[in-house]
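Observations on the three-dimensional arrangement
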Amino acid sequence: MVHQSKVILSIIVLALLHPALIDAVNKVKPREEDHRWHEQLDPKGHDTDVLDDQGLHNVVDDFQSIVNNFFGPDESGMPGFNMSAVMLSAEKQRHEMEMRGPYSQAGSFAREPLIPNAILKRLSPDIIWNMTAVEVFQLLQATEVTYESLTHILSNLRTEEFDMIFDIASSEEQMQDSVPDPTIVKAVIDACSRHWGPVRDWSVSQMAKVGPMLINLNTEQIKQLNQHTLPVVLDIYARLHYRGDEANTLVHHAMRLWGRINTWNETQLHSLGPLWTLLSPRDLRRINPDYVTSLLSLLGSYEFERGQARAIIKIASDLPDWSWTLEQVQSLGKLRKFMDPRELKAAPVSVFASPDMLEQMLPSGGREHQQQTKEIARLLKGSMDPIGTWDAEDFKSMGRSASGLDVNDLEQLDPSVVQGALKDIADAEFSPRQRQVLVEKYRKARGSLQTSMSAEDVREMKGLSVGLSTSDLAHMAPQDIRESVDIFAQNSKRMRRTQKREIIKQLKEAPGGIEDAIRDMGDMVKELPLKDMDSLCTANFTASADTNSTQMAAAGRMNWTEGQSMKLFRCFKNEVLGGNKEGSSADLFTPSTIRYMGSMAKGITCDDINAFFDDDILPFVSAMMDQDNWSPRQLDCIHKKVKSSLSEVHADYTADFSENEINTVTGQLLKEFSMEELAGIPESHCEMVYSEIGREDLIGLKRDKRRALASDSLKCLDKETSTIEQDTIDIIGNLVCDLDEDALRRLSAAVFTDNLYNIQKCCLDINQLEVIGEKLIQDIGSPNRWTTDTISDTGPLLVSLSQQEIQNLDDSEFSLVAEDVMLRFAEYKERWQQYCDVDLRSEDISRREEGFVAVAIKAKDAFVAAAAVAKRRKRNPTYSPTCNEIESLGEGNVAWTVEELQAMTVNTFDSCGYALGEVSGFSQAQLMAVIEKAKSAWGEAALMAADQVSQLGYLASGFTASEINQLNLTEIDTVYAIAQYNIYTAEQLSAGVGRYLELSGSSMASLDSLDLTALGNFLCGLTVQQMQEISSDAYMEAANAIGDLQSCDTSQWAILLAKAVEGYGSITTWMPEVYSEVGSVIAGFSSQELSSLSDASLAGIKPHAISLIEPQTLAAGWNPTQLTVLDRLQAEAITPEQLAALSQDQRNALLQAEYGDDVNLAEDIVMQTTQQVHVLPTLKGGGASIYHSGMLPAFIVMYNLLYRFCFSFLPCY
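Keep in mind it's a predicted model, so treat the numbers as computed, not measured.

**With respect to the overall build of the chain**
Along the backbone of the chain there are 76 helices and 4 strands. When burial is assessed residue by residue, the chain has 57% of its 1213 residues classed as buried. Counted over contacts in the chain with a minimum sequence separation of 6, partners at least 24 positions apart contribute 74%. Looking at the chain as shown, the accessible area adds up to about 47,700 Å², and 49% of this sits on carbon and sulfur atoms.

As structure tokens, this is what we get:
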């Protein structure tokens, strides 16, 4: 009888879920005969259908009490909600939560759903039909609702009730000026389409109802906007200053509807608002000159890129009545900071008299584009009395342009002048040498060089506080450090690691400790060792809401390291959600919880991801994809979870993907899908798929995967043979980087020139560069006619030209933008070396490096020619570089010949030797020439002052071990400044650490964490016996710094590993974040220890640490199964020597780790690899060899790739 009652109750539940089953209430059917009822129930189709028959029956069984409490027949006998019961239960739940405390399990950010989404998203449309708009709002307040559930409910409301929702929402004051939760917005937009039809049919009044939520229209919907509705959406985007990915589509759609920019009327032009910043320079050059004057006040209020700003300035300056008057310069607004030196000279000096105008004329965001700053400083200085006579007001008038003064100028200032003007000039982007001069003058003005700095001093110094040494910071009172920590945080990117560590050391001693200061520390939190995170592992810290928004924890807005996130995630899970108690991980998380955790969620493990409910996987994915920069491992795990959840019922699960799933998964995860899975998505959605993928930064993907995606995107768009126009580029986005040579040739001239800035960032092979070089000449013209704007637009793509074509560029034009071009090389260099070179061939890297040297030589020659013109004299046979040129060239200083470096004046080296110390690519001959110049300026090694040694940087590798043993290494900062680089021989390393120990008088046992951090790679100069004496406590404090080193040998790593075991405990107890913190020390593991590592442990290992493991140890330690668990970056870190030691099965497993389900792409590449590189080519020009220009590491990486594939699959000849 009991069993029969249970069956009847189950059928009643099913009847409530779907009216077609109401009749079944009177017909008790055996469950085994009821197999396919859920196919009729599922209103959303496949995306929610992840449970089989038995699974759905179990859902009903699990939630019978919920159905009994909240569902029942209404007055007419039809099934409906008992909303009173829902609200009563919600109130009861809130009361219980308040009684349990603010940080108890299931806090306000993670409400336990009163009605699970497994039920809500399968509600009978008849139940929803009877709901009112007010009840929907009540439901949202009572329980967490996923996108799927809310879309289902809103879509099945009566249309009049659905429209009523907007009337209720409009009563909220913030409705018209802010955007609700993205889950709600997506659901509302989709429901609008259900009620009102496609976007093309929406009326202006309906658009107005949706209001700010219109920014969630997808690209396909934006393309449906018409002449009447487009202005509504443009107004919303402009009012909210929204610049999401869809904004580009909106702007291009406007140009399709209204024609080219030059045909727009004034109203249309003004309607773009902030979206002006999305137009290409080519589009901006088409502005009708008749409207330019009236538009300048609008355009001058926005932040444009240089190329865009120059296009606008060019149009304005070409107007007949333009003569660079004060009023005209004022009308440019923020565009003023892009005026070139010629334009600055044409402007009246009165332009610089206003502090506000002067501020807007100076570049911001780092010590870049100093040419403009120096020109302004030169003009201001020339309009004033001699600098030696300046008072504080004179110096104040320089504002941030003070960083454009020479070091010699600053040395002429009286200390009282510096002190009096400090607040007004302290935020200028001073060089290290300039900061040193100004800080010393400020000290003198204070009356004593020995008096410790106060918090008031630091706040007055602002950015100049970066010039305080670690010793200065150590002498400050902890309370003063605490009161000025926000100033240090704002400038932390320019501070040395030793300075940050000293600040943290002091904060621990300040009232309130780290816990009180943590939210003011900015990126300095990354220096916190795990042991200091223990005090933060509380519900109070991890769950406290941000003061500006209750939607995310304050800790979730901080920029943690990977290891720190791992620790905090587990703390949140255990302390806030009660994860250390009985129960499944799946019971602890909701999409809202993931969002609330913010950056702490970056510590989520694959086990936690696998525990997500299959039935709710898409809402979880949506919550995770709200954040960027998930690790390759996490994305792989999310992808596998989606696949396993959705393919349980549908093996070809992507074949049922709708726009909703694509929007939910986003390009960030779609790019991890295999090519086969992507091909399975309905062809009608392929454009949307590649649009999503094209928005992502794809550089971390394997190159052959990127090329396959680019090829398939053109196939999807039917552009395999025809000319490629801008509408195609708008869709494929960053996939343009991996178009093959044929596709690049098919880019129309307009598209090619409009997208040069984006193509600059690409990982290009030699074949692509050849085509780009051809098109530059074909579409733009001969380089000898290129203007400054054209050269700047081309930027690093200049490497695609021949050396002769580069030399043909006009010197006077090039000199104006050379600094900008070289800065972009510097910006992309690290990115190229980290990601590009792994998959490029040696000849590809050689072409890029040779091109860089050719561009650097041209930049140098342009500077030299400009200097000769300015001085109205012939160029000397041997030119002497100036400080301005050295600072502008950056890594391009490799272009100077040995003779030119020898001709440099002692004064020039003293002023900007620091810039030469930042150059990693000097040849041995160049390096020795610069070292000799350093000795001429500062004396022999034994005579150099500590601050001078600090400026040596890479140059220190040019000293012999004997000379290093004479350097003044008394200051912590000095040691760190040269020891941070992995550039020394074993003898040099030994000399460096020996010299520090000698001067400090320290024993090995007395070295603290700051000493260990400062010694950096010099630590690898210690003997094994010396290393054994290091304090384990000091090691623990410095573990994350030591974990970044790469100069030690296996025996040294083994000793450091022993120190780690002393501090962290047995390896078997290490959590994943410990592996992340100890980094390189993993190289000290034995093969047995490696073989004992779990999947979770492997997840914490840094890629660079893997490359340091002895080949035979790695081969004996990791079996094929473990190698398969490595993520893409870890697998790519395997060296040729390690690969040679692996068995065939291990190599196959490694390839699987790199390529996943796309391993067939790797096999295609292997079949094409038929030649082995025997000789490393030599660079020409500037005396820079491959080795010293930084090319050798790139060649080794390429050789690694070729060797890997050859060794694993085919013989290479």
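**Focus on the pattern of salt bridges**
Applying the stated criterion across every chain, the model contains 75 salt bridges. One salt bridge connects Arg-497 with Asp-1044, and the closest N-O pair in it is separated by 3.0 Å. Residue Arg-497 is located in helix H32 (residues 497-509), and its partner Asp-1044 is located in the loop between helix H64 (1032-1042) and helix H65 (1050-1064); the two are separated by 547 residues in the primary sequence. Here Asp-1044 falls in the partly exposed class, since its relative accessible area comes to 36%. The salt bridge partner of Glu-900 is Lys-860, with a shortest N-O separation of 3.1 Å. On the criterion of sequence distance, the pair formed by Glu-900 in helix H55 (residues 898-903) and Lys-860 in helix H53 (residues 842-871) is long-range, its members being 40 residues apart. There is no split in this pair, since Glu-900 and Lys-860 are both buried.

**A closer look at unusual backbone geometry**
Of note in this structure, Lys-462 is not a glycine but carries a positive phi near 50 degrees. Relative to the helices and strands, Lys-462 resides in the loop between helix H28 (455-461) and helix H29 (470-475). Residues other than glycine seldom take positive phi values, yet Asp-718 does so here, at roughly 60 degrees. Residue position: Asp-718 is located in the loop between helix H44 (703-716) and helix H45 (726-732).

**A short note on the state of the cysteines**
All told, the structure shown has 7 disulfides when counted by the stated rule. Put simply, Cys-686 and Cys-716 are joined by a disulfide, and their sulfur atoms are 1.9 Å apart. Taking the sign of the S-S torsion, about 85 degrees here, the bridge from Cys-686 to Cys-716 comes out right-handed. Residue Cys-686 is found in helix H43 (residues 686-694), and its partner Cys-716 is found in helix H44; the two are separated by 30 residues along the sequence. Overall, Cys-686 belongs to the buried group, its relative accessible area being 12%. According to the relative accessible area criterion, Cys-716 is partly exposed, its value standing at 22%. A sulfur-sulfur distance of 2.4 Å marks the disulfide that ties Cys-883 to Cys-912. Separated by 29 residues along the polypeptide, Cys-883 in helix H54 (residues 883-889) and Cys-912 in helix H56 (residues 906-916) bring together distant segments of the chain.

**Re the packing of aromatic side chains**
Using the criterion set out here, one finds 26 aromatic pairs in the structure. Ring centres of Phe-569 and Phe-589 lie 5.6 Å apart, and the angle between their planes is 20 degrees; on these two criteria the pair is classed as stacked. Taken together, the residues Phe-569 in helix H36 (residues 562-576) and Phe-589 in the loop between H36 and helix H37 (591-597) connect sequence positions 20 residues apart. Residues Phe-569 and Phe-589 agree in their burial class; the two are buried.

Definitions and cut-offs
- Residues numbered from 1 in each chain as written.
- Predicted model: local features only at pLDDT ≥ 70, side-chain atom pairs only at ≥ 80, totals over all residues.
- Heavy atoms only, no water.
- Helix = DSSP H or I, 4+ residues; strand = E, 2+ residues; numbered from the N terminus.
- Buried < 20%, exposed > 50% of the residue type's maximum accessible area, 1.4 Å probe, protein only.
- Contact = heavy atoms within 4.5 Å.
- Areas by Shrake-Rupley, 256 points an atom, 1.4 Å probe, with all protein chains shown as cover.
- Salt bridge = Lys/Arg side-chain N within 4 Å of Asp/Glu carboxyl O.
- Disulfide = S-S within 2.5 Å.
- Phe/Tyr/Trp six-rings, centres within 6.5 Å; stacked < 30°, edge-to-face > 60°.

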